[in-house]
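What follows is the residue order along each chain.
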Amino acid sequence: MNKLNKDELENIRGGSATGIIIIGILAIGTIIAGILDGYTRPLRCNE
């Protein structure tokens, strides 16, 4: 195992959560679309 110097430590890139962020944004968009659809096109429940 090698020891890293200061420059190498500063250039380490960690794992990114880009996929999780995109999925979260899409999920929020789906929820908002469902709410808007419910207000603009209310449907009766079948009894």
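Counting starts from 1 at the beginning of each chain's written sequence and moves along it residue by residue. In keeping with the model being predicted, local features are shown solely for residues with a pLDDT of at least 70 and side-chain atom pairs are shown and tallied solely at 80 or more, while totals for entire chains, interfaces and linings include all residues. Computation of side-chain values covers all heavy atoms of the structure but excludes hydrogens and water.

K.L.:
Honestly, the overall build of the chain in this entry has me stumped. Any pointers?
P.N.:
In this description a helix means any DSSP run of H or I spanning at least four residues, a strand means any run of E spanning at least two, and both kinds are numbered starting from the N terminus. Across its full length, the chain holds two helices and zero strands. The dimensions of the chain, computed from C-alpha atoms along their principal axes, are 70 × 20 × 10 Å. Here the chain holds 47 residues, and 0% of them are scored as buried. Only the protein chains shown count as cover for residues, with accessible areas throughout obtained via the Shrake-Rupley method and a probe of 1.4 Å. Summed over its atoms, the accessible surface of the chain is roughly 5100 Å², and 61% of this surface lies on carbon and sulfur atoms. Each charge class in the chain was averaged separately, 5 positive and 5 negative side chains, and the resulting centres sit 2 Å apart. Remark: exposure states derive from per-residue accessible area (1.4 Å probe, protein chains only) relative to the maximum for the residue type, with buried under 20%, exposed over 50%, and partly exposed in between. Counting rule for charge: Lys and Arg are taken as positive, Asp and Glu as negative, and neither His nor the chain ends is counted. Where a charge lies is defined by one atom per residue type: Lys uses NZ, Arg uses CZ, Asp uses CG and Glu uses CD.

K.L.:
Help me understand the pattern of salt bridges, please; the structure alone is not making it clear to me.
P.N.:
Oppositely charged side chains may form a pair once their charged atoms are brought near each other. The working definition used for a salt bridge is a side-chain nitrogen of Lys or Arg within 4 Å of a carboxyl oxygen of Asp or Glu. Taken as a whole, this structure holds one salt bridge when the rule is applied. Notably, a salt bridge pairs Arg41 with Asp37, separated by 3.1 Å at the nearest N-O pair. Residue classification places Arg41 among the partly exposed positions, given a relative accessible area of 47%.

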